[in-house]
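# Observations on the three-dimensional arrangement
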Amino acid sequence: MSKTIFITGASKGFGRVWTESALKNGYNVIATARNISALDSLVVKFGKAILPLQLDVTDRNAGIDAIKRGHKHFGRLDVLINNAGYGLFGAIEENTEEEIRNQMETNFFGALWLTQAVIPIMREQGSGHIIQISSIGGVITLPIMGIYHASKFALEAFSESLANEVSQFGVKVSIVEPGGYETDWLGASSINSKPIDQYNGIKDFLNSMMEGQKFNPENTGPALLKLIEEEKPPLRVLFGKVWPMVKGIYEERMKTWEDWQELSVSAS
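Source: prediction; values computed, not measured. (Residues numbered from 1 in each chain as written. Predicted model: local features only at pLDDT ≥ 70, side-chain atom pairs only at ≥ 80, totals over all residues. Heavy atoms only, no water.)

## Focus: the overall build of the chain
Each helix and strand in the chain was counted, giving nine helices and nine strands. Seen along its three principal axes, the alpha-carbon backbone of the chain occupies a region of about 55 × 45 × 35 Å. Going through the 268 residues of the chain one by one, you find that 46% of them count as buried. Within the chain, residue pairs in contact and separated by at least 24 positions form 72% of the contacts whose partners lie at least 6 positions apart. Carbon and sulfur atoms make up 53% of the accessible area of the chain, which totals about 13,900 Å². Looking at charge distribution, the chain has the averaged site of its 26 positive side-chain charges lying 8 Å from that of its 31 negative ones. (Helix = DSSP H or I, 4+ residues; strand = E, 2+ residues; numbered from the N terminus. Buried < 20%, exposed > 50% of the residue type's maximum accessible area, 1.4 Å probe, protein only. Contact = heavy atoms within 4.5 Å. Areas by Shrake-Rupley, 256 points an atom, 1.4 Å probe, with all protein chains shown as cover. Lys, Arg positive; Asp, Glu negative; His and termini not counted. Charge placed at Lys NZ, Arg CZ, Asp CG, Glu CD.)

## Side note on the packing of aromatic side chains
Taken as a whole and assessed by the stated rule, the structure comprises six aromatic pairs. Both rings, one in Phe14 and one in Tyr181, keep their centres 5.1 Å apart while their planes meet at 75°; by these two values the pair is edge-to-face. Within this pair, whereas Phe14 is found in helix 1 (residues 13–24), its partner Tyr181 is found in the loop between strand 7 (171–178) and strand 8 (190–192), the two being separated by 167 residues in sequence. Taking the relative accessible area as the measure of exposure, Tyr181 reaches 12% and is therefore buried. With 5.4 Å between their ring centres and 70° between their planes, Tyr181 and Phe215 make a pair best called edge-to-face. Of this pair, Tyr181 sits in the loop between strand 7 and strand 8 while Phe215 sits in the loop between helix 6 (200–210) and helix 7 (220–229); the two residues are 34 residues apart in sequence, bridging distant segments of the chain. A residue is classified by how much of its surface remains accessible, and Phe215, at 17% relative accessible area, is buried. (Phe/Tyr/Trp six-rings, centres within 6.5 Å; stacked < 30°, edge-to-face > 60°.)

## Considering the sheet that holds strand 3 (residues 50–54)
Read from one edge to the other, the open sheet built from seven strands follows the order 3-2-1-4-6-7-9, with strand pairing classed as parallel. Of all the strands in the sheet, just strand 3 and strand 9 (236–239) have a single pairing partner and so form its edges. For this sheet, the mean angle separating the axes of adjacent strands, direction not counted, is 20°. Bridging between strand 2 (residues 28–33) and strand 3 involves five bridges; their strand directions are parallel. Bridging across to strand 3, Ala31 finds its partner in Pro52. (Pairing = 2+ DSSP bridges. Axes fitted to C-alpha atoms, helices over the stretch in contact; angles between N-to-C directions.)

## Some remarks on the environment of Glu251
Position of Glu251 among the secondary structure elements: in helix 8 (residues 243–259). When the C-alpha positions of Glu251 and Lys3 are compared, they lie 39 Å apart, and in sequence the two are 248 residues distant.

Bear in mind that shape data such as this cannot, by itself, settle questions of function.
As structure tokens, this is what we get:
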């Protein structure tokens, strides 16, 4: 039986790549986007295998309704991929309240609402796989991206707890942590706070760092499908050549904790 995948942010970037890859490999896809006309060509090509639904993930009730409609349409819902999100760039001092709240509404709350909506369905089925699209920015931090990091760290935190809660029902949870890919994440899909000149030097450094992080998003299609088909998928998996960066950061954290053990124990 073909698996049915519900994916947010399906009209472009990773979402588009994964939607096409899934359809080409015989999956049914509930593809959501703010602008579903961008999915018209896929409907023509794949017909009844794709159900496009307009969705703003920040609208909790709309998200619940989309999950129900998708489930009713295909009769089951095997995989939820919470992909919709964007980057907010700016120093903490530069970020406005509106920018911060909007970032959390999409990257954190949007994924949370859909996750809550799908759990009862998967619990009743006795199977399912919730895939949260985090980021290398959900594992390590860089300057000028503090609120984006906060949204992804929060996503990872609740997802890790969730994995321990739902495993008893046959439901799996995976957190995908991509590095830098050549999508429009740095372009049209990002927001930049009003700049303060004193942070320009840090921004130039960050831009130079990102030049080396331009992986091909098309390569993630087969990787994601392999994750979906794994009987025992990992809780966390990196996408892209980012392991050395992560390894160095965690080794540094471990060393700091170890070096300050005397102080830690004194506080017991």
